[in-house]
Every structure is written in C-alpha cells, then in structure tokens.
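Residues per chain, in single letters:
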Amino acid sequence: MTDAMYIQLLDLACGAFLLTGVLVLWRRDLSAIVWLFALQGVALTAMVIVLGVRQDDLELILIGLGVGALRAALLPYLMRRALVASGEARETQPLVNVATSLLVAAVLAMLAYAVSQPLVRLSPTPATQAVPVALTVLLIGFFVLVTRRRALSQLVGFLLMDNAITATAFLTTSGVPLVVELGISLDVLLAVLVLQVLTTRMRAAFGGTDLDELRELHD
Amino acid sequence: MDSLLVIAPVAVPAAAACVYAVLGWNRVTAWLGTLSAAGLLSCAVALAAGDRRDALGGLLLSDALSAFMLLVIGAVALLAMAASPAYLAAELAAGHTGPRAMRRYGVLTQSFIAAMALAVLSSSLGLLWVAIEATTILTAFLVGHRRTRQATEAAWKYVVICSVGIALALLGIVMVHYAGTRAGIASLDWVVLAEHANRLDPGVMRIAVMLLVLGFGTKAGLAPMHAWLPDAHSQAPAPVSALMSGVLLSVAFYAILRVKVIADLALGAGFARVLLVVVALASLAVAALLLLGQRDYKRLLAYSSIEHMGLVALGAAIGNTLALVAVLLHILGHGLGKSVLFLSAGQLHQALGSSRIHAVRGLVARAPLLSGVFALGLLALLGLPPFSLFASELGIARAGFAAGLGWAIAAALVLMLVIVAAIGRQGRRMLLGGGPGEAIALPRSVAVPLVAGLAGCAVLGITLGPLHSLLQAAATIAGATP
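A quick note: this is a predicted structure, and the numbers were derived from the prediction, not measured. (Residues numbered from 1 in each chain as written. Chains lettered and ligands numbered in written order. Predicted model: local features only at pLDDT ≥ 70, side-chain atom pairs only at ≥ 80, totals over all residues. Heavy atoms only, no water.)

1. Focus on the nonpolar core
Counted only if it meets this: Only buried Ala, Val, Leu, Ile, Met, Phe, Trp, Tyr and Cys residues count toward a nonpolar core, and they belong to the same one when joined by side-chain atoms within 4.5 Å. The buried label goes to any residue with under 20% of its type's maximum accessible area, the exposed label to any with over 50%, and the partly exposed label to all in between, with areas taken from a 1.4 Å probe on protein chains only. What makes two residues a contact is simply this: any of their non-hydrogen atoms within 4.5 Å.
Core analysis: the biggest nonpolar cluster contains 272 residues, and F216, L243, M244 and F253 of chain B have the highest contact counts within it. Not counting chain neighbours up to four residues away, the residues in contact with L243 of chain B comprise V76, A77, A80, M81, F112, I113, M116 and L248 of chain B.

See the structure below:
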C-alpha cells in the first residue's frame, strides 16, 4: 500500500466513523440509531484492517475482524432484538433539540481537537493525527447519554463512547494487549446484556423505558 | 506452592460460586459462602506474613499492599457472608425472594468477592480494569435483587454511571499504554511502569492521570461522580451493601493509589495531589450537605461512605508515610464499621418494612442488642475512640498539617463537624424518642458478626499488633514520601 493510499483509506474510515456518530444526534428514530451504530462498527473495523494491512500484521487484521463481529454485528443484533421486544420506535422529545445538538457537536469537536494536542505531538503519524476524531465521538457519545431519555438511546451513547475508546487504542498503539482487549470486549458485551435485562424489568415495573420515570430515588 | 497461595483468593470464591450454581441456596450451602470467605481471609493472612509472590507468569502479584487489601476483603466478606443466611431466610419468609433469586445471590456474591480479589492481586493496569468492570456487572442484579421499581431504577443508574466512569479509566489506560509504547515499554505492569515512569511523556500522562482518577473515582464513590452510590447502596440487600460500601469502594480506591505511584514519578507529586484534594473536599461537602436533611437511614449510611472515601482521598493526597498508613487503617476500620452498620440496618429494615428514619422510634427499648450495635457503629464512624477510625483520622490530620496542607485539613474538619452533627441528630431520633413498640429480635447468627466487627474495629484502635509492619510496608509500596 502506498503512503497516499494508506492515508486516504485511513481518513475515509475515520470520516465515516465520525459521520455516523454525528448522525446519531440527528435521527430520533430508534431503529435508525441502531443502524448508524452498526455502520460505525463497520467503519471501526475498516480502520483497524487498514492499520493492519499497512503494518503487515496478520494478528491485527484478525483482531479487527473480531472487533467487527462484536460491534458491527452482535451488539446491533442484540439492540434490534430489544427494540422489537419493546415496541417503542421513537425517541420522545430529547432534552436538547436536533439543531442545538448538532451545534454542540461542533463545539465538542473543537474541544476534542484542543485536548488531544499533547497526544498528537508525542508522535505525529497519520494514525495519531486522527485521534481528535475518536475523542469527538467519545464526547458525542457522552452527550447522547445525558440528553436522551430512552433506555436504548442511552445504551447507544455508552457504546459510542466505547467505540471511541477502542478507536483511540488502535490509532495510538495498535490496540491494548490481547488479554486486555478480550476482557474489555467481554465486559462490554456483558454490560449490554445486563442493561437489556434491566430494560425488560423496567418495562415491567414502569410500563415503558422513558428514563424520566426514574425519579423515585432522590434526596 | 507459592503461586497456589496467590491464585487461591480468586479461585476459592470462584469455586464456591460454581457450587452455588449447581446446588442452589439451601440450608447446607447457605454456610458455604462464610466458609469461602474464611478461606480467603486465611490466604490473606498467609500472604501478608510472606514476601512478594507472583503467579500465572506474572499476571498475579501479591505484595504488602495487595495482601493488606485482601485482608480487608476477607474480613468484610466474612462478616457479610456470615449474616447472609439469616438475612435471606427472613427475606424468603416475607416473600421478597425465591429459590431462583437465592441461587443467583449465592453465585453473584461469590463471583463478586472473587473479582475484588482479582483486582487487588492483578499485576497490571489492564487486568485490574477488567476486574473492576466485572464487579459492576456482577453486582448489577444484586442491587436490583428485590425487582421493585426503586431497585430497578437504582440498578440502571448504577450500571450506566459506573460503566461510563470506568470507560473513562479505560481511556486513561489506553493513553498510559501509548505513552509507554513511545518510551519503549509496551507493558501495563505496575512495577515496569514505575521503573520507567520518568521516561513517560508528561503531556499525555497528565490527561491519562486525570481520566484514571475520574474513572476509578466514580467507582470509589468520590464526588462529582458519586450519584449512583446512595441509590445502589440503599437498594441492595444488606450484606451486599456491606460488601459494596465496606470494600468495593476501597478496592476502586486501591487502583487510584497504584496509579498515583506512577503519576508522582512521571509528573511530580503536585499533580495527583491537587486532583485528590479537590475530589476529597468535594466529596466531604456533598456528604455534609445531603446528610443534613436525610430522611432515610440506609441513604444516611451511603452518604457517610462518600464522606469516608473523601477522607481516604485526602490522606492519599498528603502522601507521606504517616498519612498512607492512616489511609490504609482507615480503609480497614471503615470496612468493618460500615458493614456492621449496613447489616444492622438490614435487620431494622426487615423488621420495620421501611428505611425511613421517622419510622424508627425508641429503638433502645425495643431492641437493646441491635440498638447497642447500631449506636456503637455510628460512634465508630463518627471517629470516636476507642475505634480505629479515631486513630486513622487523627493520623491523617497530623500528617496533613505536617505536609503543609493545613488549610485542606481545616476545611475537612469543618465539614466533618457538620456531618457529626447531622448523623448524631438522626441517630438520636432513631435510638431514643417515642414510646416503645414491638420488640425486634436479632438472630444469633447475625449478632455474632456484628459484635465481632465492632470488637475488631475497637481493638485496631488500641493496638495495631502484627499489622504494624504490614501497614508500613504497604505504605512504602503506595509511594510514601518520608
């Protein structure tokens, strides 16, 4: 792979990664949000495979495929199943409207760019220069988590953050050691399953997954 | 043989969890949890007596600091597990739980203890992270054990907030790994990172340390990420609250202690100190504010945990030998005292069916033993002698004035005064006042751990005995400055 092509492919994958994150803010249809999350998983997989091909590292390519299986297939599948079971299709009025959300995303991108300067400076390669993109998605994920009111969109917010952290790991150091990566994937999968069970219970107890209902415990 | 002793603290409760999965919770297996906790405690004693040992090709490592944390886990687990059979029997009699839920309780509590043991024994930042995240997943259903609306709400908030917090810690680890790789160390091992800490890039490490303190601080219940704690601790079954408050918070704080060693070497002592002083004072302030008007005795205990983790963070910020010895002693004393209180609060809750403070009146007349234990536990938490929290708080204060952090100690003392007044007033209302109602019986199998926990806390306040050298060694490992 030539240098120019490597940089182009990497930028393309990172661009898709960022775009899917931003679009989550735009859509209020829950099934579209799950689709976007799956697409982001594909972009993340592509990113890891491009890095793997560039470094001629078969192990990294295989890890990329594993990451893809989890984040582009298994997790979206689980969420789709939860969505069908719930019969809820739309996000209720989010706390922040769409136009404001997109503006906030722009501010978050600038913040991520400023914060990641020390990271880029340490080793300015094409890969680490894409770290601000990952951190932007992290902040967008956090924003989704605190402003959306459905259990499922909160879950997507958490998973966007998780995707972003995985992307940061691959962009900076070709990933954390394999044992840790396996542990992380397992933990994320289990967290999603736990939250799914809790959503079911929530529906049984509250008659819906609107998180505004969760206000029995307070001081 | 040596490596077996390091694996055992994780393997014993894990095996007990498997037995529960197969046999369920019944009259006989109910005591298996207590047995496994006793086994864990004896392994901890053996490890504390010996030198550094490792196992599984260096994946697990036991030094004085891990051995001390294992002692805390073992002691609190023993109290909580000994009180569990009577607690679950009463829940079953009241129709709050069934055989399936009890089997799950057995499996999850034992796996939870195993995960905590793994966290303090892991030699690398990565494995520690995995173990701490596992505790969140394992305890989620324990928090939601009763399946009521409140319990479900608490469990949801708990999983979401703690997973996000711990995700920030993961990002911090990714950055440490990045800084390490650029400096030629592709390892997340504590010892290796500390050896080469001066080569790590300070710009990246600053972000990493901030994320790690914030992330593990979430799990340790430190402000501003403490919001899950009062809900989760007040909804979980009493023995689980005892474990979560008594040790899980400190296990998460243990991670901060390990990170601080590397941070101090890479960035100088000032950086982590400022961060920790800020979160410590914020935690004390949050606890003081919310304790003032508290109407629920379980939440009262939960906020008191935030207070004590704040004190622990303050001690860690000071960072000299006296302060760190006091911090570790405080962790043990708080673990014992808080689990006694949560267990007795559980008995109260079962007897009264409410955790409202105004539902409790004239406890002294109705339940002399239970109210005696509860009152002494409150005194222990407020830091009165002879309990060990008096000694450790005094140690932290003395060390703080000596290290030039007198202003922070003074602010903490003012906030603690507010807390003492608030808890004292609520405690008096519960214990005295009102006419006597129905008598509340305390099962003997619960009374024994309660009295034992208080006695242990009092003995530690008078003499450290053989713990003295272990604490000194652990403080040195935690990066004590002279």
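2. As for unusual backbone geometry
Formally: A run of H or I in DSSP becomes a helix once it reaches four residues, and a run of E becomes a strand once it reaches two; helices and strands are each numbered from the N terminus.
Of the consecutive residues A223 of chain B and P224 of chain B, the connecting peptide bond is found in the cis state with omega at 5°. Secondary-structure assignment places P224 of chain B in the loop between α8 (202–219) and α9 (228–235). Omega for the bond connecting P385 of chain B with P386 of chain B falls within 30 degrees of zero, at 10°, which places this linkage in the cis form. Of note, P386 of chain B is situated in the loop between α15 (368–381) and α16 (388–402). One non-glycine residue, D56 of chain A, adopts positive backbone phi at about 55°.

3. Things to note about helix α3 (residues 64–93) of chain B
All names here are of chain B. For clarity, the cut-off: Multiplying 1.5 Å by the residue count of a helix minus one yields the expected span of that helix. Bend angle per residue: angle between axes fitted to the 7 residues ending at that residue and the 7 residues starting there.
For α3, with 30 residues, the first-to-last C-alpha span of 44 Å sits near the 44 Å given by 1.5 Å per residue. The sharpest bend along α3 comes to roughly 40°, located at S84, with the proline P85 sitting one to four residues further on. The buried fraction of α3 is high, at 25 of 30 residues. Within two residues after α3, G95 carries a phi angle of roughly 80°, on the positive side.

4. Quick notes on the side chain of S305 of chain B
Residue and element names in this part refer to chain B. Inclusion rule: Here a polar contact is recorded for every N or O atom pair within 3.5 Å, except that within protein the pair must consist of a potential hydrogen donor and a potential acceptor, and residues adjacent in sequence are included only if both atoms are side-chain atoms.
As for its placement among the helices and strands, S305 is situated in helix α12 (residues 297–318). Under the relative-accessibility criterion, S305 is labelled buried at 0%. There is a polar contact of 2.4 Å between the side chain of S305 and the side chain of S245. What S305 contacts, discounting residues up to four positions off in sequence, is L229, S245, L249, H334 and K338.

5. Some details on a nonpolar patch on the surface
Residue and element names in this part refer to chain A. Selection rule: Patches draw on residues past 30% relative accessible area with no salt bridge. Two like charges within 9 Å are joined, as are two nonpolar side chains (Val, Leu, Ile, Met, Phe, Trp, Tyr) within 5 Å. The Shrake-Rupley method, run with a 1.4 Å probe, gives the accessible areas here. Residue values count only the displayed protein chains as cover. Any carboxyl oxygen of Asp or Glu that lies within 4 Å of a side-chain nitrogen of Lys or Arg is treated as forming a salt bridge with it.
A cluster of nonpolar side chains, contributed by M1, M5, L9, L12 and V53, occupies part of the molecular surface with about 450 Å² of accessible area. When residues of the nonpolar patch are assigned to their parent elements, the largest contribution, three residues, is made by helix α1 (residues 3–26). By relative accessible area, which is 43% here, M1 ends up partly exposed.

6. Let's talk about the side chain of T166 of chain A
Residue and element names in this part refer to chain A. Note on placement: T166 falls in helix α7 (residues 151–173). Here T166 falls in the buried class, since its relative accessible area comes to 6%. Those residues within four positions of T166 in sequence are excluded, and the remaining contacts are L44 and R71.

7. Overview of the packing of α1 of chain A against helix α2 (residues 30–54) of chain A
Residues and elements named next belong to chain A. Note the cut-off: Fitted lines through C-alpha atoms give the axes, limited to the stretch in contact for helices. The angle between two N-to-C directions lies from 0 to 180 degrees. These descriptions rest on fixed angle ranges, namely under 35 degrees for roughly parallel, over 145 for roughly antiparallel, 65 to 115 for roughly perpendicular, and the rest for oblique. Working rule for handedness: look at the near helix, and if it is turned counterclockwise from the far one by less than a right angle, call the crossing left-handed; if clockwise, right-handed. Under the scheme applied here, ten amino acids are nonpolar (Ala, Val, Leu, Ile, Met, Phe, Trp, Tyr, Cys and Pro), four are charged (Asp, Glu, Lys and Arg), and all others, including Gly, are polar.
At their nearest, the axes of α1 and α2 sit 9 Å apart, and the two run at 160° to each other. By the angle class used here, α1 and α2 are roughly antiparallel. Remark: the crossing between α1 and α2 carries left-handed chirality. Where α1 abuts α2, its residues D3, Y6, L9, L10, A13, C14, A16, F17, T20, G21, L23 and V24 lie against I33, L36, L39, Q40, A43, L44, A46, M47, V50, L51 and R54. Grouping the amino acids of the contact of α1 with α2 by side-chain chemistry returns 18 nonpolar, three polar and two charged.

8. Description of the environment of T181 of chain B
Residues and elements named next belong to chain B. Mapped onto the elements, T181 comes out in helix α6 (residues 149–182). Residue T181 is classed as partly exposed on the basis of its relative accessible area of 32%. Distance in space between the C-alpha atoms of T181 and L200 is 9.0 Å, their sequence separation being 19 residues.

9. Looking at the interface of chain A and chain B
How big an interface is tends to be reported as the loss of accessible area on association of its parts. Which entries qualify depends on this criterion: When two parts are put together, the accessible area they lose, computed with a 1.4 Å probe and summed over both, is reported as buried area.
With 45 residues of chain A at the interface, the matching set in chain B holds 45 residues. Here chain A and chain B share an interface that buries about 4200 Å² over both sides, 75% of which is from carbon and sulfur atoms. For the pair chain A and chain B, the interface holds zero salt bridges. Across the contact surface, chain A and chain B share four residue pairs in polar contact (both at pLDDT 80 or more). At the level of secondary structure, the elements contributing two or more residues to the side of chain A that touches chain B comprise α5 (117–122), α6 (131–147), α7 and α8 (178–206) of chain A. Tallying contributions element by element places α8 of chain A first for the side of chain A that touches chain B, with 15 residues.

10. Some details on the confidence of the model for chain B
Operational definition: The predictor rates its confidence in each residue with pLDDT, a number between 0 and 100.
The predicted model of chain B averages 92 in pLDDT, with 99% of residues at 70 or higher. Scoring the predicted complex yields pTM 0.94 and, for the interface, ipTM 0.93.

11. Some words on the environment of A82 of chain B
Residue and element names in this part refer to chain B. Residue placement: A82 occurs in helix α3. By relative accessible area, A82 is classed as buried at 12%. Between the alpha carbons of A82 and A38 there is a distance of 9.7 Å; along the sequence they are 44 residues apart. Excluding residues that lie within four positions of it along the chain, A82 makes contacts with W31, T34, S445 and P449.

12. Focus on the pattern of salt bridges
Using the criterion set out here, one finds eight salt bridges over all chains in the structure. Residues D3 of chain A and R54 of chain A are paired through a salt bridge, measuring 2.8 Å at the closest nitrogen-oxygen approach. Here R54 of chain A lies in helix α2 and D3 of chain A lies in helix α1, a separation of 51 residues in the sequence. By relative accessible area, which is 34% here, R54 of chain A ends up partly exposed. Between R258 of chain B and D63 of chain B there is a salt bridge, and its shortest N-O distance comes to 3.0 Å. In this pair, R258 of chain B is assigned in helix α10 (residues 238–267) and D63 of chain B in the loop between β2 (60–62) and α3, connecting sequence segments 195 residues apart. Across the pair, D63 of chain B and R258 of chain B agree in class, each one buried. Put simply, E153, K157, D231 and R299 of chain B are held in one network by salt bridges that share partners.

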